[in-house]
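Residue-level listing of the chains:
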Amino acid sequence: MQAMDIEKVNSMDFGEFVDVFGNVIERCPLIAAAVWSQRPFSNLEDLEKHFFDFIDALPQSGREGILRCHPDLAGRELQQGTLSAESRREQSGAGLTSLDADERLRLAELNAQYRARFGFPFVLAARRSHRAAVPRELARRLRCPPAQELRTALAEVRVCPRFIQLQFFTPFAAR
Ligand code: GUN
């Protein structure tokens, strides 16, 4: 990453920072709002670390809350067109925007079972997945113990940090 980029980040006022980074963690702009106070950042990795340190410091209810802010994969919000741009891009990248009726139904059933068991929606690094793998992975994770599944789901949030989607950080995207 070029030094100039992080200088630009460090000079952002609060509103600008939350505009750019507010949805790095899906629908959790509070995290960007809190991280802004910790400026200056030495580089992008440092900025990313502040996001994840904030999440790690939360009580379990807070970490579960982050997962609950995620929309279902191929769920109602996708049908209604109310997804965030980032979520839409990830779901579309995994082919979840072009499921046929049977695939959608199967995923809806699995999503409902998952929510009923764990109390939060199924989250995975959709950008790295594809439409056939998603229900398979969902069915597999449904059988995991809850404490393990909470760790897995949060690890998926980390695997797919949205910083690299921001054009702002083109050099980082090439990693
Ligand atoms: N994985 C990547 N993006 C998303 C999302 O928006 N929702 C869920 N459930 N998982 C995701």
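The rules behind the values
- Residues numbered from 1 in each chain as written.
- Predicted model: local features only at pLDDT ≥ 70, side-chain atom pairs only at ≥ 80, totals over all residues.
- Heavy atoms only, no water.
- Near = heavy atom within 4 Å.
- Polar contact = N/O pair within 3.5 Å; in protein donor to acceptor, adjacent residues only side chain to side chain.
- Areas by Shrake-Rupley, 256 points an atom, 1.4 Å probe, with all protein chains shown as cover.
- 1 Å grid on protein atoms, 1.4 Å probe; cavity = no way out; pocket = protein on both sides within 12 Å on 5 of 7 lines; lining within 4 Å.
- Sits in = over half its atoms within 2 Å of the grid points.
- Nonpolar A, V, L, I, M, F, W, Y, C, P; charged D, E, K, R; others polar.
- Axes fitted to C-alpha atoms, helices over the stretch in contact; angles between N-to-C directions.
- Helix = DSSP H or I, 4+ residues; strand = E, 2+ residues; numbered from the N terminus.
- Parallel < 35°, antiparallel > 145°, perpendicular 65-115°, else oblique.
- Left-handed = near helix turned anticlockwise from the far one by under 90°.
- Contact = heavy atoms within 4.5 Å.

**Student:** Explain the site of the ligand here, please?
**Tutor:** What surrounds the ligand is the set His-70, Pro-71, Leu-73, Ser-87, Glu-90, Phe-122, Val-123, Leu-124, Ala-126 and Arg-162. In the model, an oxygen atom of the ligand is placed 2.5 Å from a nitrogen or oxygen of the Ser-87 side chain. A distance of 2.4 Å separates a nitrogen atom of the ligand from a polar side-chain atom of Glu-90. If the ligand stood free it would expose 280 Å²; the protein chains cover 97% of that surface. Given that more than half its atoms are within 2 Å of the pocket grid, the ligand belongs to the largest cavity. In the shell around the ligand, the residues fall into six nonpolar, two polar and two charged.

**Student:** It is not clear to me how the packing of helix 8 (residues 101–118) against helix 9 (residues 133–142) should be interpreted in this structure. Could you clarify?
**Tutor:** In contact at an axis separation of 10 Å, helix 8 and helix 9 are set at 25 degrees when each is read in the N-to-C sense. Accordingly, the angle class assigned to the pair helix 8 and helix 9 is roughly parallel. Note on packing geometry: the crossing formed by helix 8 with helix 9 is left-handed. Only Val-134, Pro-135, Leu-138, Ala-139, Arg-141 and Leu-142 of helix 9 make contact with helix 8, whose side of the interface consists of Arg-106, Leu-107, Leu-110, Asn-111, Gln-113, Tyr-114, Arg-117 and Phe-118. Here the residues of the contact of helix 8 with helix 9 sort into nine nonpolar, two polar and three charged.

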